[in-house]
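Structural overview for review
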Amino acid sequence: MNKEMTMNRSSRPEVRNPILALPATARLLDLPPEVRLILAQVLRDLYQDAKVRADKSWASKKGPLAVYWKAVAVYALHISRAVRPTRAELRSRVVDLKVAA
């Protein structure tokens, strides 16, 4: 039995973050780690802003707008987590740049 079949459904990365299952995500993962880090940071900022807007809209009794901003926040967070480079990727990239210099 392979690892994927024994893994609990809710533990699989593509279930916990459905963005990972999209073909476009594979294209984003082909970007250099430095670019992915900047993209992840921008998306994290978008997440924070959208979350505040969702809360403000909900408090103002603007339910549909609150749902919109909540969805924006969730997508931004999922994408930022999907594209952010690992520490190992960033470390190896720094080493590569030092060798090239």
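Residue indices follow the written sequence of each chain, beginning from 1 at its first position. Reporting of local features is limited, given that this is a predicted model, to residues whose pLDDT is at least 70; pairs of side-chain atoms are given and counted only at 80 or more, and all residues count toward the totals for whole chains, interfaces and linings. Each side-chain value is derived from all of the structure's non-hydrogen atoms; neither hydrogens nor water enter the calculation.

1. Description of the environment of Ala-71
- With respect to the secondary-structure elements, Ala-71 resides in helix α5 (residues 63-83).
- Whether a residue is buried, partly exposed or exposed follows from its accessible area with a 1.4 Å probe, protein chains only, as a fraction of its type maximum: under 20%, in between, or over 50%, in that order. Using a relative accessible area of 35% as the deciding quantity, one classes Ala-71 as partly exposed.
- Distance from Ala-71 to Lys-51, taken between C-alpha atoms, is 9.1 Å for residues 20 residues apart in sequence. Runs of H or I in DSSP of at least four residues are treated as helices and runs of E of at least two as strands, each being numbered from the N terminus.

2. Observations regarding α5
- By this rule the span expected of a helix is its residue count minus one, scaled by 1.5 Å. Taking 1.5 Å per residue, 21 residues should reach 30 Å; α5 reaches 30 Å between its end C-alpha atoms and fits that length.
- Should any heavy atoms of two residues lie within 4.5 Å, those residues are counted as being in contact. Contact partners of the buried residues in α5: α3 (23-29) and α4 (33-59).

3. Side note on the nonpolar core
- The nonpolar core is taken to be a set of buried Ala, Val, Leu, Ile, Met, Phe, Trp, Tyr and Cys residues, with the residues joined through side-chain atoms within 4.5 Å. Among the nonpolar cores identified, the biggest contains nine residues, and these are Leu-43, Tyr-47, Ala-50, Ala-54, Trp-69, Val-72, Ala-73, Ala-76 and Leu-77.
- Contributing elements (two or more residues each) for this core: α4 and α5.
- Here this core gets five residues from one element, more than from any other, and that element is α5.
- Setting aside residues up to four positions removed in sequence, Leu-43 forms contacts with Ala-76, Ile-79 and Ser-80.

4. Quick notes on the environment of Pro-13
- Mapped onto the elements of the fold, Pro-13 is located in helix α2 (residues 13-16).
- Relative accessible area serves as the criterion here: at 45%, Pro-13 is assigned to the partly exposed category.
- C-alpha of Pro-13 to C-alpha of Ala-82: the two residues are 69 residues apart in sequence and 9.6 Å apart in space.

5. Thoughts on a positive patch on the surface
- A cluster of basic residues, Arg-44, Lys-51, Lys-70, Arg-81 and Arg-84, forms a positive patch on the protein surface.
- Of all elements in the fold, only α4 and α5 reach the threshold of two or more residues within the positive patch.
- Structurally, Arg-84 is set in the loop between α5 and α6 (87-100). Think of a patch as exposed residues, more than 30% relative accessible area, with no salt bridge, where like charges cluster within 9 Å and nonpolar side chains (Val, Leu, Ile, Met, Phe, Trp, Tyr) cluster within 5 Å. Accessibility throughout is a Shrake-Rupley quantity obtained with a 1.4 Å probe, and a residue counts as covered only by protein chains that appear here. Counted as salt bridges are all cases of a side-chain nitrogen of Lys or Arg within 4 Å of a carboxyl oxygen of Asp or Glu. When charges are tallied, Lys and Arg are placed among the positive residues and Asp and Glu among the negative ones, while His and the ends of the chain are skipped. Here the site of a charge means atom NZ of a Lys, CZ of an Arg, CG of an Asp or CD of a Glu.

6. Remarks on the confidence of the model for the chain
- Every residue carries a pLDDT, the predictor's confidence in it, which falls somewhere between 0 and 100. Averaged over all residues, the pLDDT of the chain equals 86, while 82% of them reach at least 70.
- Per-element mean pLDDT across the chain ranges from 59 in helix α1 (residues 3-6) up to 97 in α4.

7. Quick notes on α4
- When the terminal C-alpha atoms of α4 are compared, their 39 Å separation across 27 residues agrees well with the 39 Å that a helix rising 1.5 Å per residue should span.
- When we look at burial in α4, the residues that qualify are Pro-33, Arg-36, Ala-40, Leu-43, Tyr-47, Ala-50, Ala-54 and Ser-57.
- Residue Lys-61 follows α4 closely and has a positive phi angle near 65°.

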